[in-house]
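Fold and contact review
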Amino acid sequence: MAAAVCAASPAPHLPGRDLEGAAALSPADAGLVLDEPSVENGSAAAAARAEAGACAAPMIRTDGGRGGTGSRTWGSAKVLGRALLASLPAPSAGGQVLELGAGTGELAISLGQAGWRNIVATDGEPAVVRNMKYNVQANKMGHAVRCVRWDWADPAPKGIDLENIDLCVGSDLVYYDREHSALAALLARVLAARSCAASPGAAERH
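Overview of the structure.

**Considering the overall build of the protein chain**
On a plain count of helices and strands, the protein chain comes out with 6 helices and 5 strands. Tracing the protein chain from N to C terminus, the helices and strands come up as β-α-α-β-α-β-α-β-β-α-α. Taken over 206 residues, the protein chain has a buried fraction of 42%. Accessible area for the protein chain stands at about 10400 Å²; split by element, carbon and sulfur atoms hold 55% of it.

Structure representation (structure tokens):
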């Protein structure tokens with residue numbers, strides 16, 4: 001199984017235009033080469049998943065701004081969620097879905113409501129993670145989504161096995177340029193771990 005990274009670029013908030021201005025972050029933007037996951041574009045199953053996800057809008061609480069940019073759901077998270085549900089089957093039972101910069105947790109919750117499991121939603125701000133946990137429990141998604149604090153400069157927290165990541169997703173991950181290098185380094189770590197897991201003897205060569 002290949003690790004895939006999907007991201008949406010930050011877009012300024014304009015009233016009434018939350019779902020516009022989202023664009024895909026290409027692998028070249030982070031200097032990475034990603035394997036293409038298998039998709040079911042145009043299939044009845046994909047359409048059904050997208051419709052199910054669209055109908056089950058999560059109940060989301062903001063934290064009154066205490067978490068900064070992570071205290072609200074940005075428009076491209078909704079766009080990314082719809083795209084994932086429309087184009088990808090749920091990951092295998094044994095793998096993990098890792099969300100970076102999960103904020104309110106709305107994307108992870110939406111995936112969980114559509115039947116995805118073993119989702120680990122992460123963020124670096126303690127206040128954001130506390131609010132995210134509240135939202136996960138309020139939507140009764142504790143069986144599908146686990147909330148974890150993770151500063152990108154730190155090793156992977158307990159319970160996150162980088163070699164077992166089937167899919168790594170994120171939207172509106174950075175607000176300032178200074179975070180770009182940390183994000184690119186973390187994505188490279190995820191891909192390197194998956195590469196070692198997929199290639200016999202790769203760990204010894206590294």
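**Notes on the side chain of E106**
Tracing the chain through its elements places E106 in helix α3 (residues 106-113). Of note is the side chain of E106, whose polar atom sits 2.8 Å from the side chain of K78.

**Describing the environment of A185**
Relative to the assigned elements, A185 resides in helix α5 (residues 180-198). For the pair formed by A185 and A153, sequence separation is 32 residues and the distance between their alpha carbons is 8.6 Å.

**Description of the packing of aromatic side chains**
The geometry of an aromatic ring pair is captured by two quantities: the separation of the ring centres and the angle between the planes. Counted under the stated rule, the structure contains 1 aromatic pair. Between Y175 and Y176 the ring centres are 5.1 Å apart and the planes differ by 80 degrees, which places this aromatic pair in the edge-to-face class. For the cation-ring pair, R61 lies above Y134, with the distance from its terminal atom to the ring centre recorded as 3.7 Å. Between the NZ or CZ atom of R178 and the centre of the ring of Y176, over which it lies, the distance is 4.5 Å.

**What to know about the pairing of strand β2 (residues 96-99)**
The alternating pattern of β2 places Q96 and L98 on one face and V97 and E99 on the opposite face, and all of these are buried. In the sheet, β2 pairs with strand β3 (residues 119-123) via 3 bridges, with the strands oriented parallel. Bridge pairing in β3 links L98 to V120. You can see the chain leave β2, run along α3 and come back into β3, and the turn it takes is right-handed.

**Concerning the pattern of salt bridges**
Evaluated as defined, the whole model comprises 1 salt bridge. Across the salt bridge formed by E106 and K78, the nearest N and O atoms sit 2.8 Å from each other. Of this pair, E106 sits in helix α3 while K78 sits in helix α2 (residues 75-87), and the two are 28 residues apart along the sequence. Assessed through its relative accessible area of 31%, K78 is described here as partly exposed.

**Focus on the packing of α2 against α3**
Across the interface, α2 lies against α3 with an axial gap of 9 Å and an inter-helix angle of 25 degrees. Relative to α3, α2 is oriented roughly parallel. Our pair here, α2 against α3, has a crossing hand that is right-handed. Counted together, A77, K78, L80, G81, L84 and L85 of α2 and E106, L107, S110 and L111 of α3 form the full contact between these two elements.

**Some remarks on α5**
The end-to-end C-alpha distance of α5, which contains 19 residues, comes to 27 Å, matching closely the 27 Å that a straight helix rising 1.5 Å per residue would cover. All of the buried residues in α5 are L183, L186, L187, V190, L191, A193, R194 and C196.

**Here's the deal with unusual backbone geometry**
Although it is not a glycine, N118 sits at a positive phi angle of roughly 60 degrees. One can find N118 in the loop between α3 and β3. Overall, the relative accessible area of 32% leaves N118 in the partly exposed class. Unusually for a residue other than glycine, D172 sits at a positive phi of about 50 degrees. Within the secondary structure, D172 is located in the loop between β5 (165-171) and α5. Using a relative accessible area of 17% as the deciding quantity, one classes D172 as buried.

Rules and cut-offs
Residues numbered from 1 in each chain as written. Predicted model: local features only at pLDDT ≥ 70, side-chain atom pairs only at ≥ 80, totals over all residues. Heavy atoms only, no water. Helix = DSSP H or I, 4+ residues; strand = E, 2+ residues; numbered from the N terminus. Buried < 20%, exposed > 50% of the residue type's maximum accessible area, 1.4 Å probe, protein only. Areas by Shrake-Rupley, 256 points an atom, 1.4 Å probe, with all protein chains shown as cover. Polar contact = N/O pair within 3.5 Å; in protein donor to acceptor, adjacent residues only side chain to side chain. Phe/Tyr/Trp six-rings, centres within 6.5 Å; stacked < 30°, edge-to-face > 60°. Lys NZ or Arg CZ within 6 Å of the ring centre and 35° of its normal. Pairing = 2+ DSSP bridges. Right-handed = clockwise from strand over helix to strand, strands pointing away. Salt bridge = Lys/Arg side-chain N within 4 Å of Asp/Glu carboxyl O. Axes fitted to C-alpha atoms, helices over the stretch in contact; angles between N-to-C directions. Parallel < 35°, antiparallel > 145°, perpendicular 65-115°, else oblique. Left-handed = near helix turned anticlockwise from the far one by under 90°. Contact = heavy atoms within 4.5 Å. Expected span 1.5 Å × (residues − 1).

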